[in-house]
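One-letter residues, chain by chain:
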Amino acid sequence: MLTMLRRGAQTWVAKGLFFLLVASFAVWGVSGSMFSGGGDTVVSVGETEVSALEFRLAYDRQLSLLSQQFGTRITTEQARAFGIENQVYSQLVAGAALDEQARNMQLGLSEDRLAGLIAADPAFQGINGQFSRQNFAAVLRNVGMSEDDYIRNRQQVAVRTQVVEALADGFELPDTLLDAFGRHRAETRTVDYLIVDESMIDPIGEPSDEELAAYFEDNGSRFTAPEYRSIAYVTLTASDIADPDGIDAEVVRAEFDNNADRYTSVERRTLDQLVFPNREAAEAAATSLAEGTSFDDVVAEAGRTAADVRIGTFARNQMTNEALAEAAFAVDEAGGVTDVVDGPFGPVIMRVAAIEGGEETAFEDVEAQIREDLAMAEAAQTLFDVFNAYEDARAGGLSVQDAAREQQLTPVVIEAVDRSGRTPEGDVLSDLPQSRDLLAQAFDTDIGIETQPINLGSDGYLFFEVLDVEEARDRTLDEVRDDVVADWQADQRAAALAARAEELRASAADGTPLAEIATELGATVRTEYNLQRDSENATFGPEAIAAAFAGPGGHVATAPAANGAGEIVMRVNEVAISASNAISEQERTAIARSGGDDLLDQLVTRLQAEYPVRINQQLGTQALGF
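Each chain carries its own residue numbering, running from 1 in the written order of its sequence. With the structure being a predicted model, the display of local features is reserved for residues of pLDDT at least 70 and the display and counting of side-chain atom pairs for 80 or more, all residues being used for whole-chain, interface and lining totals. To get the side-chain values, all heavy atoms of the structure are used, and hydrogens and water are removed first.

Undergrad: Would you mind going over the pattern of salt bridges with me for this structure?
TA: If the charged atoms of two oppositely charged side chains come close together, the side chains can form a pair. Whenever Lys or Arg places a side-chain nitrogen within 4 Å of a carboxyl oxygen from Asp or Glu, that contact is recorded as a salt bridge. For the structure shown, the criterion picks out 25 salt bridges. Residue glutamate 47 is joined to arginine 103 by a salt bridge in which the shortest nitrogen-to-oxygen separation is 3.6 Å. Here glutamate 47, found in the loop between β1 (41-45) and β2 (48-51), pairs with arginine 103, found in helix α6 (residues 84-104); they are 56 residues apart in sequence, far enough to count as distant. Here's how the labels work: a residue is buried when its accessible area is under 20% of the maximum for its type, exposed when over 50%, partly exposed in between, all with a 1.4 Å probe on protein chains only. By relative accessible area, glutamate 47 is classed as exposed at 61%. The partner of aspartate 491 in a salt bridge is arginine 222, with the nearest N and O atoms 3.1 Å apart. To qualify as a helix, a DSSP run of H or I must reach at least 4 residues; to qualify as a strand, a run of E must reach at least 2; elements of each kind are numbered from the N terminus.

Put into structure tokens, the structure is as follows:
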């Protein structure tokens, strides 16, 4: 039941309606006149219509959200593979169904309530937290939306929300059901099992030509050659154009001499500071210290602890009070104390608890690093000059490679790579710069097209060009014979192991002890204690867990081992409930929310059956420009 509710929370209704019910204008990020005009109808539910413009806007936003989740731009082909178009149709139909229901229920919103909702939108508030008429007009102007369009849409969202909240808000499951959830989750099982491995089946030989041909015919899609592209790229960063050897030796020496403090380990001192209420008390403490009383004893007499007086470790230039700095760094050795010094909060005496000595660095030890730093700084200054010169060369008709060489950059050519970064030989190109963006964009453009550079960090660029495209194709059996044989053998082996395991399961189900079966096979019976529904391990993966919990005590089942070692034959010996079976308040809330989403899903399904739904997919395709 828990699993069912979780699935309910992941349905298109639960996800899509929250998207459609977004009330904050700041989250919309719309551009263009959102609902004005609209042309022909793409989706209609009853008398509620969704225009081509609305459909395109919803599609673009869904594409943007998915791209953010994957961290890369989703291409048109990938969007089709993900079924984004159908998801958007489902979302818009769901929203239109709720709007139609609200219209038939004659739900509305008072002008005062609508004004309150708009005034509460943070996007329209000024620095004082109040509604700003100027901000309201500016935000709408920036996205090209009229005030009437916004108010009408805001009212539509608010009315639709009434239907959703009336159904799902405050939904709670009965304690009896929640207790059943807890017991279900906390159930544990002790399972005896043995592994059926390759030693227990006949060896798998070579397939005949007829078997291999038939297998290849049935599974040819496994061996299809993907689309490959040849790509030339060049990176432009400060390190790509830096020339350390070109930095004059005198400039390097001058940098060292003028910034010697950068190459010297500065002396730092750990200080304890005792503040006195007046000068007389401080002088008395100084006299006591001079007579041999320890600083720690003076601190204790003042009612302080070591932690109270420890102020930290400082270099001289880190101390803001010059008098204190001079006194602290005048002490000759660790453990020494200062005279009475007038501090910002009264007279103080300081102890130098520890000294970290400074150390000078020889010029020869840092010369190479200084040269590198100067070269990088110089390169950073000329980076944009090189960028503009490169762009001018490309605009003049030069290829990526020729334009790169003209700027003393090194172009790289990838002869063939698929979308995943794999070569025809099966090697993964792990050293591609910005590989995700580079491959995504390279497979979303055409040969010879000048593309926009990809950013490398905050001050670098990646330029690329598609040189050649090798379309995806079906391979012949001769090309992939070894791979087909290996897959055929793997499938035959898996089938033989499953069949052998089923024979043993039937024997165990008829009453033969697992220990007896194991002895005949020369195998070992193992025991998995306190197995839970979420306690997967190297042996018991999802399939094995499901099999172990598929029946009562004494239940016998088989499943593949998670580590690929073979098939598991298991018997459930004990079923128990662990003590930690209570449902937390957070879990109660999540389960209730999932149940509310499930109710909402059912409502939308019912409304779609009650009101006529029409979808003009041809117009939708035209709106997307496909």
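Undergrad: Just to check I follow, could you spell out the sheet that holds strand β17 (residues 613-615) for this structure?
TA: Sheet strands pair via backbone hydrogen bonds, and the direction of the pair is either parallel or antiparallel. Overall, antiparallel pairing links the three strands, which are arranged β2-β1-β17 in an open sheet. Across the chains shown, the open sheet's two edge strands, defined by having one partner strand only, are β2 and β17. If you compare each strand with its neighbour and ignore which way they point, the axes differ by 15 degrees on average. The pairing of β1 with β2 spans four bridges and is classified as antiparallel. Residue pairing in the sheet places threonine 41 in a bridge with serine 51 of β2. By definition, residues are in contact when any of their heavy atoms lie within 4.5 Å. Helix axes are fitted only over the stretch in contact, all axes being lines through C-alpha atoms; the angle between N-to-C directions runs from 0 to 180 degrees. The strands that α6 touches are β1, β2 and β17; relative to β1, the one it contacts most, it runs at about 45 degrees. Two strands make a pair as long as DSSP finds a minimum of two bridges between them.

Undergrad: It is not clear to me how the packing of aromatic side chains should be interpreted in this structure. Could you clarify?
TA: The geometry of an aromatic ring pair comes down to the distance between the two centres and the angle between the two planes. Between rings of Phe, Tyr and Trp, where Trp is taken as its six-membered ring, a pair exists when centres lie within 6.5 Å; planes separated by under 30 degrees are stacked, by over 60 edge-to-face, and by other angles tilted. Applying the stated rule across the entire model yields eight aromatic pairs. Where phenylalanine 55 meets tyrosine 89, the ring centres are 4.7 Å apart and the plane angle is 20 degrees; that geometry is what we call stacked. Separated by 34 residues along the polypeptide, phenylalanine 55 in helix α4 (residues 52-70) and tyrosine 89 in helix α6 bring together distant segments of the chain. Members of the aromatic cluster, each reached through a chain of ring pairs, are Phe384, Phe387, Tyr390, Tyr461 and Phe463. Whether a charge sits over a ring comes down to the Lys NZ or Arg CZ being within 6 Å of the ring centre and within 35 degrees of the ring normal. Against the face of phenylalanine 363 rests arginine 253, its NZ or CZ located 4.5 Å from the ring centre.

Undergrad: I keep staring at the nonpolar core and nothing clicks. Help me out?
TA: If you look at soluble globular proteins, the nonpolar side chains tend to sit buried side by side. Residues grouped as a nonpolar core are buried Ala, Val, Leu, Ile, Met, Phe, Trp, Tyr and Cys residues, joined through side-chain atoms within 4.5 Å. Counting residues in each nonpolar core, the largest one holds 40 residues, and the members touching the most others are Val42, Phe55, Tyr59, Ile84 and Val88. Breaking this core down by element, the ones donating at least two residues are β1, α4, α6, α7 (111-119), α8 (133-143), α9 (147-168), α24 (585-610) and α25 (617-624). Residue contributions to this core peak at 10 residues, all from α6. Once residues within four sequence positions are removed from consideration, isoleucine 84 is found in contact with Tyr59, Gln62, Leu63, Leu66 and Ala79. One finds Leu531, Phe549, Ala557 and Ala559 within the second-largest nonpolar core, a separate group that totals 16 residues.

Undergrad: Looking at this structure, I do not really get the side chain of threonine 445. What am I missing?
TA: Looking at the element boundaries, threonine 445 is found in the loop between α20 (435-442) and β12 (454-456). The exposure class of threonine 445 is buried, given its relative accessible area of 12%. Setting aside anything within four residues of it in sequence, one finds threonine 445 in contact with Arg229, Thr451, Phe464 and Val466.

Undergrad: When you look at helix α13 (residues 249-258) in this model, what are you seeing that I'm missing?
TA: Because an α-helix packs 3.6 residues into every turn, residues spaced three or four apart end up facing the same way. Within the sequence span of α13, burial applies to Val252, Glu255 and Phe256. Taken down its axis, α13 places every buried residue within 95 degrees of arc, on the same side. Exposed and facing more than 90 degrees away from the buried side of α13 are Glu250 and Asn258. On its buried face, α13 sits against α18 (363-395). Capping the start of α13, aspartate 248 holds a side-chain oxygen 2.8 Å from the backbone nitrogen of glutamate 250, two or three residues further along. What the arc covers is the set of directions going from the helix axis to the C-beta atoms. Here a polar contact is recorded for every N or O atom pair within 3.5 Å, except that within protein the pair must consist of a potential hydrogen donor and a potential acceptor, and residues adjacent in sequence are included only if both atoms are side-chain atoms.

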